[in-house]
Amino acid sequence: MDTLKRTPFYDLYSAFPESRCIDFGGWELPVQFTGIVKEHEAVRQKAGLFDVSHMGEFMVSGAGAESFIQKMTTNDVTRLLDGGAQYTLLCYPDGGVVDDLLVYRLGEGRYMLVVNASNIDKDFQWLQDHLTADFGDVTLTNVSDETLLLALQGPLAEKILATVTDVSLAELKPFHFIEKASVCGVEVLLSRTGYTGEDGFEIYAPLDTAETLWNGLLAAGAPFGLTPAGLGARDTLRFEAKLPLYGQELSADITPLEAGVQFFVKLDNADFIGRDALLQQKETGLPRRLVGLEMIDRGIPRSHYPVYADGMKIGEVTTGTQSPTLKRNLGLALLDTAYSELGTEVYVEIRGKQLKAVVIKAPFYKKSQGVNPQ
């Protein structure tokens, strides 16, 4: 049996008696510290601190770095200025997704790519396989094993972080970062990004600073109600905000257009891998779309539950749960386009029974507006 990997924060989890770890893609990670719903509500109302050090980081440098990233990713990396970040995707030639990721422009010919933990090896190999001499001077380095990552998320995240940093946080806009900032006396890369649907920050630093950052941030946040949060709350938070999870809303078999992230696919600006297939899919019409579902009958939709209408299977649930914020049984589902209009009634098969649901607007939650009215 392979030994599970652990982040540099693992030994600090024991300070929370109710913490519980699970195997997540080969990592021993906390699914909760004090309870999933409690942690979810803390992030929506106050703030939560996530250990996401299992994520992968690649450095891409050299004179050809920008053109290489432009060829490999769906967004337009030439739009980035120093200190800017963008969400983007790696695609296969048929338009399926290798992974979704963030690109950080550190400077001229210097970039950091942040990829999903379960895809680190696959992504690095994919990039290496396409790094030809045509791009000129490009160096690709995997620094995942020497980089920790914390996410401080929630409406009070800025107030908490302001007590332990030298950065003027009000001037740090979303999807912007400072490469060298001081947090709890540690030099970090500080980014205004996150995966919860709330305001927040992500902190990249060397492994040996883990205890200083973790304890320093929790101490600074204690008066504000900051709590550590695990994978369970991270999943319900991103679900409510309709932020895709690779392997569920995105995969080798699901294109970015079907998943509803077409804003990050610049078909007019770049000749990236997969562009031709995605352009054709857009022109001929999407066969299926990601939609929101709300159960009418009593039941909770779960990943891979089949969805039916007119006596035939029309798709399946990608993610579903009882929403901690809305207290309703909701799901995201990839359905045949003919059944994707708001108000369409469909049936989710739950434990052998077909239970009624309706297509509703997603995301279910937006920070600026609160809960979406239905």
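Look up: the structure comes first, before these words.
Residues numbered from 1 in each chain as written. Predicted model: local features only at pLDDT ≥ 70, side-chain atom pairs only at ≥ 80, totals over all residues. Heavy atoms only, no water.

### A few points about the pairing of strand β16 (residues 312-322)
Keep this limit in mind: When DSSP finds two or more bridges between a pair of strands, those strands are recorded as paired. Counting from the N terminus, the helices are DSSP H or I runs at least four residues long and the strands are E runs at least two residues long.
In this structure, strand β15 (residues 306-309) lies alongside β16, joined through four bridges in antiparallel fashion. Each residue of the ladder has a partner; that of P306, found in β16, is E316. Where β16 meets strand β17 (residues 329-336), seven bridges bridge the pair, whose relative direction is antiparallel. Pairing of G315 across the sheet is with L335, part of β17. Where β16 folds back on β17, the antiparallel hairpin that results is connected by six residues, among which K327 adopts a positive phi of roughly 60 degrees.

### Side note on the packing of aromatic side chains
Operational definition: Centres within 6.5 Å are what make two rings of Phe, Tyr or Trp a pair, Trp counting through its six-membered ring; a difference in plane orientation under 30 degrees is then read as stacked, over 60 as edge-to-face, and the rest as tilted.
All chains considered together, the criterion is met by 13 aromatic pairs. Considering the side-chain rings of Y10 and Y13, the 5.6 Å spacing of their centres and the 70 degrees angle between planes classify their relative orientation as edge-to-face. Between the aromatic rings of F33 and W214, the centroid separation amounts to 5.9 Å while the plane-to-plane angle is 40 degrees, which identifies the pairing as tilted. Within this pair, whereas F33 is found in the loop between β2 (27-32) and α1 (36-45), its partner W214 is found in helix α5 (residues 210-221), the two being separated by 181 residues in sequence.

### Some details on empty space enclosed by the protein
The line we're drawing: Residues are said to line a cavity or pocket when one of their atoms sits within 4 Å of a point; the points come from a 1 Å grid over protein atoms alone, cavities being sets where a 1.4 Å probe fits but cannot get out and pockets being open sets with protein on both sides within 12 Å along at least five of seven lines. Grid points are joined across faces, edges and corners, and a volume is the space filled by probe spheres set on the points. The nonpolar class holds Ala, Val, Leu, Ile, Met, Phe, Trp, Tyr, Cys and Pro. Asp, Glu, Lys and Arg form the charged class, and all remaining residues, Gly among them, are polar.
Taken as a whole and assessed by the stated rule, the structure comprises one cavity of 30 Å³ or more. Taken as a whole, the largest cavity encloses approximately 50 Å³ of empty space. Along the walls of the largest cavity sit L29, P30, F50, D51, V52, H54, A229, G230, L231 and R234, which together make up its complete lining. Looking at the lining of the largest cavity residue by residue, the class counts come to six nonpolar, two polar and two charged.

### So, the packing of α1 against helix α6 (residues 231-240)
Stated formally: Axis lines are fitted through C-alpha atoms, for helices just across the contact stretch, and the angle between N-to-C directions can take any value from 0 to 180 degrees. Orientation categories follow fixed angle ranges, with anything under 35 degrees roughly parallel, anything over 145 roughly antiparallel, 65 to 115 roughly perpendicular, and all other angles oblique. By convention the crossing between two helices is left-handed if the near helix lies anticlockwise of the far one by an angle smaller than a right angle, and right-handed if it lies clockwise. Any pair of residues with heavy atoms lying within 4.5 Å of one another is described as a contacting pair.
Across the interface, α1 lies against α6 with an axial gap of 8 Å and an inter-helix angle of 50 degrees. By the criterion of interaxial angle, the relationship of α1 to α6 is oblique. Handedness of the crossing formed by α1 with α6: right-handed. From α1, I36, E39, H40, V43 and R44 reach across to α6, where they touch G232, A233, T236, L237 and E240. When the residues that make up the contact of α1 with α6 are grouped by side-chain class, the tally is four nonpolar, three polar and three charged.

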